[in-house]
Amino acid sequence: MFDINSLDRIIKETVKSVEKGKEQIYDIAENARVERDNLQKELERVQINTAKTIHEVDQLEKAEKTARYRLMEVSRNFSRYTEQDIKEAYDNAREYQVKLGLFRERESQLRQRRTEVELRLRKLLDTENKAEKLITNVGGALRLLTGNLQGITEKLEELQQRQNLGLQVIKAQEEERRRVARDIHDGPAQSMASVILRAEICERLLEKNPAQVPGELQALKEGVKSTLQDVRKIIFDLRPMVLDDLGLIPTLKRYFAEFQERTGLLVDLVTMGKDKRVSSAMEVAIFRVIQEAINNSYKHAQTETVNVRLEMKPEFVNCKITDEGVGFNVEEKLGPEAKGYGLIGMRERVELLEGTFKISSLPGKGTEIKLQIPIKE
Ligand SMILES: Nc1ncnc2c1ncn2[C@@H]1O[C@H](COP(=O)(O)OP(=O)(O)OP(=O)(O)O)[C@@H](O)[C@H]1O
Ligand SMILES: [Mg+2]
């Protein structure tokens with residue numbers, strides 16, 4: 001049989017690893033965001049510095065030009081200037097040239113850095129967007145796993161339970177047939193054998209001792225009568241025909257009277273509401289449930305009385321069967337280890353008619369069986 005538990009485990013583990021993956025993606029997105037913030041700040045700094053450097057380069061270019069002109073001027077008219085002047089002009093021009101070179105270099109570095117940072121920022125934004133999409137996708141997968149697939153394991157479990165129930169129903173039918181066969185074998189079949197024996201005795205007595213024949217015939221008649229009763233009981237148990245003719249409550253009354261006489265267990269019947277006919281399927285189901293319940297009280301409860309309460313409402317039939325006997329552990333007797341078919345059969349009959357069925361019992365506290373079946377026109 002398919003192992004639902006292993007499917008459940010696989011799904012749970014998959015969910016766990018997908019959840020872990022989601023967390024990791026969150027981490028990636030978060031790191032990208034932090035790095036992007038930092039780079040954004042750096043970009044601002046680089047932009048400011050670049051602007052400042054460009055401005056400085058501008059200024060330096062002007063100053064360098066002036067210095068260059070000055071040098072040209074003093075070099076051309078060196079007779080008018082002292083050696084000192086020339087040297088100063090030369091040094092000055094040289095210094096500006098060096099400075100300008102330095103600042104241009106810095107400007108180009110800053111521009112390069114700006115391009116790099118901008119590129120990196122674009123990549124990070126891309127990563128963040130991808131991570132977000134992934135999170136959405138993973139979220140969808142998770143919903144699928146936790147929602148739909150969990151539904152599937154429930155469905156499978158339901159199917160398996162139904163299959164088990166089907167098997168139990170078949171077993172219950174077999175058990176019922178076995179019981180009927182045993183009833184016929186122990187009762188009518190044996191009585192018939194003794195009827196034949198008695199008839200043969202009568203035959204012989206007719207020749208040897210005719211005076212004894214009436215007595216023997218009387219005994220034979222009694223035997224046939226009791227066999228007929230047995231047969232009637234078996235037929236009644238198989239299918240109470242009065243149920244179709246008279247309806248539920250009269251059949252129950254008749255059955256309880258016979259039951260009480262046979263077993264000594266007192267059945268107290270209380271009916272409420274208008275006695276009306278409901279569907280035959282429903283009447284049989286209620287009759288069977290009550291029959292099994294009082295049989296159980298007789299067989300297992302060790303009590304003197306069982307109470308049956310039947311209420312006919314316009315929309316549904318309520319029924320409660322209680323005894324104050326020894327009680328039992330319901331989970332144990334209704335579980336997969338259950339040996340009897342009575343309780344399972346009761347529940348199955350009621351549920352087939354879309355009714356509700358509840359057994360409450362505790363060891364030492366008695367038993368209560370409650371059912372409600374909706375009336376469908
Ligand atoms: N009214 C009750 N009082 C005490 N124990 C009960 C009562 N009804 C049921 N049980 C316990 O629950 C068990 C299961 O009942 P169930 O009717 O399913 O099987 P069963 O009566 O043993 O056999 P079957 O009905 O198939 O002939 C019984 O064997 C008994 O131990
Ligand atoms: Mg039983």
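Only a predicted model underlies this, so the values are computations on that prediction, with no experimental measurement involved.

Visitor: Go over the overall build of the protein chain, please, and point to the residues and values.
Guide: In terms of helices and strands, the protein chain carries eight helices and five strands. Computed over the C-alpha atoms, the radius of gyration of the protein chain is 51 Å, more than 25% above the 21 Å expected from 2.2 N^0.38 for a compact globule of 377 residues. Put simply, 72% of the contacts in the protein chain that link residues at least 6 apart link residues at least 24 apart. With the model as given, the accessible surface of the protein chain reaches about 25400 Å², and the carbon-plus-sulfur share is 53%. Averaging the coordinates of the 64 positive side-chain charges in the protein chain and doing the same for the 64 negative ones gives two points 3 Å apart.

Visitor: Explain the UniProt feature "coiled-coil region" (unreviewed entry) in the protein chain to me, and be specific about the residues and the numbers.
Guide: With numbering aligned to this structure, UniProt lists the feature "coiled-coil region" (unreviewed entry) at residues 22-56. With 100% helix and 0% strand, the stretch residues 22-56 has end C-alpha atoms that lie 50 Å from each other.

Visitor: An account of the UniProt feature "domain: Histidine kinase" (unreviewed entry) in the protein chain is needed here, citing residue identities and associated values.
Guide: The feature "domain: Histidine kinase" (unreviewed entry), as given by UniProt, occupies residues 286-377 in the numbering adopted here. For the annotated span residues 286-377, helix accounts for 35% and strand for 35% of the residues, and the straight-line distance between the end C-alpha atoms is 17 Å.

Visitor: I'd love a proper account of the pattern of salt bridges, names of residues and values included.
Guide: Within this structure, the stated rule accounts for 23 salt bridges. Close ionic contact of arginine 33 with glutamate 30 constitutes a salt bridge, the shortest N to O distance being 3.1 Å. Remark: glutamate 30 and arginine 33 occur in helix H1 (residues 4-76); sequence separation between them is three residues, near one turn of the helix. A relative accessible area of 34% places arginine 33 in the partly exposed class.

Visitor: Residues and numbers for the packing of aromatic side chains, please.
Guide: This structure, assessed with the given rule, holds six aromatic pairs. When the centroid spacing of 6.3 Å and the interplanar angle of 50° are considered together, the rings of tyrosine 255 and phenylalanine 256 count as tilted. For the residue pair tyrosine 255 and phenylalanine 256, the accessibility class agrees, reading buried in each case. An aromatic cluster is defined as three or more aromatic residues linked by ring pairs; in this entry it consists of Phe236, Tyr255, Phe256, Phe259, Phe287 and Tyr298.

Visitor: Any chance you could break down the nonpolar core for me, citing the residues and the numbers?
Guide: In this structure, Ile290, Ile294, Ile321 and Leu371 are the most contacted members of the largest nonpolar core, which totals 42 residues. Ranked by residue count, the leading element in this core is helix H6 (residues 280-301), at eight residues.

Visitor: Tell me about the site of ligand 1, and please be specific about residues and values.
Guide: In the vicinity of ligand 1, 15 residues are found, and the nearest of them are Glu292, Asn296, His300, Asp323 and Tyr341. Glutamate 292 places a side-chain nitrogen or oxygen 2.8 Å from an oxygen atom of ligand 1. Here an oxygen atom of ligand 1 sits 2.8 Å away from a polar atom, N or O, in the side chain of histidine 300. Notes on ligand 1: free accessible area 590 Å², of which the protein chains cover 82%. Those elements giving two or more residues to the shell around ligand 1 turn out to be H6 and helix H8 (342-352).

Visitor: Any details on the domain arrangement of the protein chain? Residues and values, ideally.
Guide: Segmenting the protein chain into domains produces domain 1 (4-163) and domain 2 (240-374). Relative to domain 2, the C-alpha centre of domain 1 lies at a distance of 80 Å.

Visitor: Can you explain the pairing of strand E3 (residues 316-323)? Please cite residues and give values.
Guide: The buried fraction of E3 is high, at six of eight residues. Note that strand E2 (residues 305-312) and E3 share seven bridges and pair antiparallel. Its bridge partner lying in E3, valine 306 is registered against aspartate 323. Hairpin connection of E2 to E3: three residues between the antiparallel strands. Of the pairings in the sheet, the one linking E3 to strand E5 (residues 366-374) comprises eight bridges and is antiparallel in character. Residue pairing for E5: threonine 322 is matched across the bridge by glutamate 368.

Visitor: An account of H6 is requested, with residue identities and associated values reported.
Guide: Across its 22 residues, H6 extends 30 Å between first and last C-alpha, which sits within 8% of the 32 Å expected from 1.5 Å per residue. Of the residues flanking the end of H6, it is glutamine 302, one or two places downstream, whose phi is positive at about 50°.

Visitor: Which residues make up the environment of isoleucine 135, and what values go with them?
Guide: On the secondary structure map, isoleucine 135 appears in helix H2 (residues 83-208). Taking the C-alpha atoms as reference points, isoleucine 135 and glutamine 24, 111 residues apart in sequence, are found 9.8 Å from one another. Residue contacts for isoleucine 135: discarding those within four places in its chain leaves Lys22, Ile25 and Tyr26.

Conventions used here
- Residues numbered from 1 in each chain as written.
- Chains lettered and ligands numbered in written order.
- Predicted model: local features only at pLDDT ≥ 70, side-chain atom pairs only at ≥ 80, totals over all residues.
- Heavy atoms only, no water.
- Helix = DSSP H or I, 4+ residues; strand = E, 2+ residues; numbered from the N terminus.
- Rg over C-alpha atoms; globule rule 2.2 N^0.38 Å.
- Contact = heavy atoms within 4.5 Å.
- Areas by Shrake-Rupley, 256 points an atom, 1.4 Å probe, with all protein chains shown as cover.
- Lys, Arg positive; Asp, Glu negative; His and termini not counted.
- Charge placed at Lys NZ, Arg CZ, Asp CG, Glu CD.
- UniProt positions renumbered as here; feature names shortened; annotations may be inferred.
- Salt bridge = Lys/Arg side-chain N within 4 Å of Asp/Glu carboxyl O.
- Buried < 20%, exposed > 50% of the residue type's maximum accessible area, 1.4 Å probe, protein only.
- Phe/Tyr/Trp six-rings, centres within 6.5 Å; stacked < 30°, edge-to-face > 60°.
- Core = buried A, V, L, I, M, F, W, Y, C linked by side-chain atoms within 4.5 Å.
- Near = heavy atom within 4 Å.
- Polar contact = N/O pair within 3.5 Å; in protein donor to acceptor, adjacent residues only side chain to side chain.
- Domains from an automatic or database assignment.
- Pairing = 2+ DSSP bridges.
- Expected span 1.5 Å × (residues − 1).

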